[in-house]
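# Per-entry structural report
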Amino acid sequence: MASRSLPFLLLVLLVCLTQTVSAIKFNIPASRYPPAKCIWNAAHPGALVIITANVGPGDGQRLDIEVIDSSEHKNVYLSKKDISGEKRFAITAHAEEDIGVCFRNYLDSSVPNDGKTRSRVVDLDVDIGADAVDYNAIANQESLSALETEMRKLEGIVKEIVDEMEYLKTREERFQATNISTNRRVKNFAWFTIASLIGLGVWQIFHLRAFFKRKYLID
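I will try to describe carefully the structure that is included in this document.

Parameters and conventions
Residues numbered from 1 in each chain as written. Predicted model: local features only at pLDDT ≥ 70, side-chain atom pairs only at ≥ 80, totals over all residues. Heavy atoms only, no water. Phe/Tyr/Trp six-rings, centres within 6.5 Å; stacked < 30°, edge-to-face > 60°. Lys NZ or Arg CZ within 6 Å of the ring centre and 35° of its normal. Buried < 20%, exposed > 50% of the residue type's maximum accessible area, 1.4 Å probe, protein only. Helix = DSSP H or I, 4+ residues; strand = E, 2+ residues; numbered from the N terminus. Pairing = 2+ DSSP bridges.

## Re the packing of aromatic side chains
- As enumerated under the stated definition, the model contains two aromatic pairs in all.
- It is Lys37 that lies over the ring of Phe26; its NZ or CZ is 5.2 Å from the centre.
- Over the ring of Phe175 we find Arg174, and its NZ or CZ is 5.9 Å from the ring centre.

Right, here's the structure in full:
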């Protein structure tokens with residue numbers, strides 16, 4: 001009996017460890033030309049990303065939010081200015097890149113420069129994949145019980161695990177193909193180098209033999 005329940009316990013442990021949730025609370029100082037403060041999370045293509053930002057009060061401050069990825073082109077998924085209170089945003093990842101939630105806290109020009117440090121508190125929660133799905137709404141819509149709702153959530157998380165394993169398998173196959181191709185090119189280059197050296201050596205022998213014959217050093 002214990003041996004039968006062991007795989008199930010391992011699956012539940014794996015599901016708990018692979019849930020993608022990021023929650024952080026921080027202060028962001030205000031300035032005339034503020035730098036961006038970004039929180040990065042990994043996301044696969046097609047993954048649903050729910051961003052919940054609870055912004056504290058701040059007189060004379062304007063907080064902007066921008067959601068980008070870590071690709072070379074820095075694709076912008078979302079850009080909002082002057083957010084306050086609790087805001088909720090939803091995006092869908094398009095590439096195999098990290099998703100960055102960036103904040104800039106601008107200090108209004110009317111605020112006197114009295115040397116005081118002004119800042120706002122941001123409570124950020126980022127849900128990715130199965131954790132971004134509102135299962136309570138699904139349960140209300142389909143009249144699911146609590147157990148059925150949890151099973152539906154586990155089903156979504158297990159699907160994410162399977163997709164992750166498929167992605168890792170595909171990436172491993174791609175890396176293996178690249179490695180085989182590189183090894184083949186190195187081998188071909190090595191054979192070409194050997195053939196070139198042999199050809200150069202043979203040419204030098206005939207060239208020296210002809211030279212010595214012209215000088216009557218050999219018959």
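## Some remarks on the pairing of strand 7 (residues 98–107)
- Taking burial as the measure, the ten residues of strand 7 include seven buried ones, the bulk of the element.
- Direction of pairing for strand 2 (residues 37–42) relative to strand 7: antiparallel, over a ladder of six bridges. Its bridge partner being in strand 7, Lys37 is matched across the sheet by Phe103.
- By the bridge criterion, nine bridges tie strand 4 (residues 61–69) to strand 7 in an arrangement that is antiparallel. Paired with Asp64 across the two strands is Arg104, which belongs to strand 7.

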